[in-house]
Amino acid sequence: MTAGPVLVVEGLTKRFPLEQPPLRRLRDWWRGRPPPVLTALQDVSFTVGARETLGILGESGSGKSTLARVLMGLYQPEAGRAFLLGEDLFTNDPKVRHHHRRRMQMVFQDPFGSLDPRMSIRRILAEPLAIHRPCPEAEWEGLMGRGLEEVGLDRDALDRYPAEFSGGQRQRISICRALILDPVLLIADEAVSALDVSVQAQILELLMRLKEGRGLSLIFISHDVAVVRQVADRVLVLYKGVIVESLPASCLLEDATHPYTQRLLGAALYLRENREFSAWEGSASQKPRSEPRPEGCPCQSWCDVAEARCGQPPPEVEVHPGHRVRCWRGG
Ligand code: SF4
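Residues numbered from 1 in each chain as written. Predicted model: local features only at pLDDT ≥ 70, side-chain atom pairs only at ≥ 80, totals over all residues. Heavy atoms only, no water.

1. Concerning the packing of helix α6 (residues 167-179) against helix α7 (residues 197-214)
Heads up, the condition is: Angles run from 0 to 180 degrees between N-to-C directions of axes, and those axes are lines fitted to C-alpha atoms, restricted for helices to the stretch in contact. The secondary structure listing takes helices from DSSP runs of H or I that are at least 4 residues long and strands from runs of E that are at least 2 residues long, numbered from the N terminus. Under this scheme an angle from 65 to 115 degrees is roughly perpendicular, one under 35 degrees roughly parallel, and one over 145 degrees roughly antiparallel; angles in between are oblique. Less than a right angle of anticlockwise turn of the near helix away from the far helix marks a crossing as left-handed, whereas a clockwise turn marks it as right-handed. By definition in these notes, contact holds between two residues if any of their heavy atoms fall within 4.5 Å. Any residue outside Ala, Val, Leu, Ile, Met, Phe, Trp, Tyr, Cys, Pro, Asp, Glu, Lys and Arg is labelled polar, Gly included; the first ten of those are nonpolar and the last four are charged.
Between α6 and α7, the shortest axis-to-axis distance is 10 Å and the interhelical angle comes to 20 degrees. In this view, α6 runs roughly parallel relative to α7, as classed from their interaxial angle. Crossing hand, α6 versus α7: right-handed. Taking contact as the criterion, the partners of Gly 168, Gln 171, Arg 172, Ile 175 and Leu 179 in α6 are, on α7, Val 199, Gln 202, Ile 203, Leu 206, Leu 207, Leu 210 and Arg 214. Of the residues in the contact of α6 with α7, the class split is 7 nonpolar, 3 polar and 2 charged.

2. Considerations on the pairing of strand β7 (residues 185-189)
Formally: Relative accessibility decides the category of a residue: with a 1.4 Å probe and only protein chains considered, values under 20% of the type maximum give buried, values over 50% give exposed, and everything between is partly exposed. Any two strands are treated as partners once DSSP identifies two or more bridges connecting them.
Burial analysis of β7 places 5 of its 5 residues in the buried class, which makes it a mostly covered element. Covered by surrounding structure in β7 are Leu 185, Ile 187 and Asp 189 together with Leu 186 and Ala 188, the residues of both alternating faces. When strand β6 (residues 104-107) meets β7, the two strands line up parallel, connected through 4 bridges. Within β7, the residue paired with Met 104 across the bridge is Leu 185.

3. Observations concerning the sheet that holds strand β5 (residues 87-88)
With respect to topology, 4 strands assemble into an open sheet ordered β2-β1-β4-β5, the strand pairing being antiparallel. Edge strands, defined here as strands with exactly one partner in the open sheet, are β2 (37-48) and β5. As paired strands, strand β1 (residues 7-17) and β2 are joined by 8 bridges and run antiparallel to one another. By the bridge assignment, Leu 7 is partnered in β2 with Val 48.

4. With respect to unusual backbone geometry
Although it is not a glycine, Asp 182 sits at a positive phi angle of roughly 55 degrees. You can see Asp 182 is positioned in the loop between α6 and β7. The exposed category is assigned to Asp 182, whose relative accessible area is 54%. One non-glycine residue with positive phi stands out, namely Glu 190, at about 50 degrees. When you line up the elements, Glu 190 lands in the loop between β7 and α7.

5. Section: the pairing of strand β10 (residues 242-248)
Most of β10 sits out of view: 6 of its 7 residues are buried. In this structure, strand β9 (residues 234-239) lies alongside β10, joined through 6 bridges in antiparallel fashion. Looking at β10, one finds that Tyr 239 is bridged to Val 242. Linking β9 back to β10 in an antiparallel pair, the connection comprises 2 residues, with Lys 240 at a positive phi of about 50 degrees.

6. So, the packing of aromatic side chains
Stated precisely, the cut-off is as follows: Any Phe, Tyr or Trp ring, taking Trp's six-membered ring, that has another such ring centre within 6.5 Å forms a pair; planes under 30 degrees apart are called stacked, those over 60 apart edge-to-face, and the others tilted.
On inspection of all chains with the given rule, the structure shows 5 aromatic pairs. Taking 5.1 Å as the distance between ring centres and 80 degrees as the angle between the ring planes, the aromatic pair formed by Phe 16 and Tyr 75 counts as edge-to-face. Here Tyr 75 lies in the loop between α2 (64-71) and β4 (79-84) and Phe 16 lies in strand β1, a separation of 59 residues in the sequence. The class for Tyr 75 is partly exposed, based on a relative accessible area of 30%.

7. Quick look at the environment of Leu 207
Relative to the helices and strands, Leu 207 resides in helix α7. For Leu 207, a relative accessible area of 3% translates into the label buried. Each residue touching Leu 207, except ones within four places of it in the same chain, is listed here: Ile 175, Leu 186 and Phe 220.

8. A word on the nonpolar core
Across soluble globular proteins, nonpolar side chains show a tendency to be buried alongside one another. Defined as follows: To define a nonpolar core, start from buried Ala, Val, Leu, Ile, Met, Phe, Trp, Tyr and Cys residues and group those joined through side-chain atoms within 4.5 Å.
One finds Ile 175 and Phe 220 to be the most contacted residues of the largest nonpolar core, which totals 61 residues. No other element matches the 7 residues that α7 contributes to this core. By size, the runner-up hydrophobic cluster in this structure holds 29 residues, among which are Val 6, Leu 7, Ala 68 and Leu 89.

9. Points about the pattern of salt bridges
Heads up, the condition is: For salt bridges, the criterion is a side-chain nitrogen of Lys or Arg within 4 Å of an Asp or Glu carboxyl oxygen.
If you walk through the whole model with that rule in mind, you get 22 salt bridges. Residue Arg 33 is joined to Asp 28 by a salt bridge in which the shortest nitrogen-to-oxygen separation is 3.2 Å. Under the relative-accessibility criterion, Arg 33 is labelled partly exposed at 44%. Residue classification places Asp 28 among the buried residues on the basis of a relative accessible area of 8%. Where salt bridges share partners, they join Glu 316, Glu 318, Arg 324 and Arg 326 into one cluster.

10. Overview of a nonpolar patch on the surface
To keep it simple, the criterion reads: Each patch is assembled from residues with relative accessible area greater than 30% and no salt bridge, linking like charges that lie within 9 Å and nonpolar side chains (Val, Leu, Ile, Met, Phe, Trp, Tyr) that lie within 5 Å. Note on areas: Shrake-Rupley, 1.4 Å probe, and residue coverage restricted to the protein chains presented here.
A surface patch of nonpolar side chains, about 620 Å² in accessible area, is lined by Leu 23, Leu 26, Trp 29 and Trp 30. Following the sequence through the fold, Leu 23 ends up in helix α1 (residues 22-30). For Leu 23, a relative accessible area of 69% corresponds to the exposed category.

11. Quick notes on the sheet that holds β6
If you trace the 8 strands from one edge of the open sheet to the other, you get β6-β7-β8-β3-β9-β10-β12-β11, paired in mixed fashion. Looking at strand neighbours, the two that pair on one side only are β6 and β11 (316-320), the edges of this open sheet. Geometrically, the sheet is characterised by an average inter-axis angle of 20 degrees between neighbouring strands, direction not taken into account. As paired strands, β7 and strand β8 (residues 217-222) are joined by 5 bridges and run parallel to one another. Each residue of the ladder has a partner; that of Ala 188, found in β8, is Phe 220. On the sheet, helix α3 (residues 94-103) packs against β6 and β7 and is oriented at approximately 50 degrees with respect to β6.

Set out below in structure tokens:
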């Protein structure tokens, strides 16, 4: 394993064109206005160290899943670079991209939707092996059986179908599929959000055990403050596609200084079972509209301590070593 970072991301920006009624589109074109865009990620930079768990925390719409999909090559970024073990992740060389896809795998949120119900578990697990061919075909059966046992399932699961398993078991199968190619980096995108609390704990424990046992690096994406704090070494807080704070997970509750992070922490107190998590729960402030993005700090429409200078993009300030905040008020 490399001594340097496993993943380096620099200045990642991703925009999506916004739908518009035809008449407005025509009017904008006539007036020479550029088509409107949604900036899902704005100048995002971070690293993931060897064997590190990096938590990415934010509400839905903050850009967390877009970030995962850009890294997995499902979306093309408008700007920025990323390096996996020092190699360009966004290279145009299809062979190198193919190689990257093997070394970086993802576990999705929905254990029901991410497994094709028409395919047996054998076919589901054999698919990545058939694409990447990490070993001779004669070895696949043993590899799949050992993989299932590693995630706590019996080998006879190979002949069964996803519908025969519970949500937690399906997520174990998804994890097995992600690990069967022996990646160096695993991205877990809301991987326990769809599960009951007791099953969540089992899957988290499994992920942590596998991460330690295999020496993996992990990007753990979640809206859940408690879960991220439990599993992560370091946390990035994402708001409207901007990293507003990064700090060690152990300092999250006591030392977080950014107004948005403090809102997230405060809102966690209001978290109710079966209700969507929101940083605006119990708050007198209105939840901000997703568009248009204001000039300067994206938080200024609701921030209680906003100042005139917040109309300009805030600087990133180092509060302590390892703790950075993007705010004009600093730490
Ligand atoms: S830069 Fe200004 S608006 Fe943004 S979080 Fe800091 S104080 Fe609030």
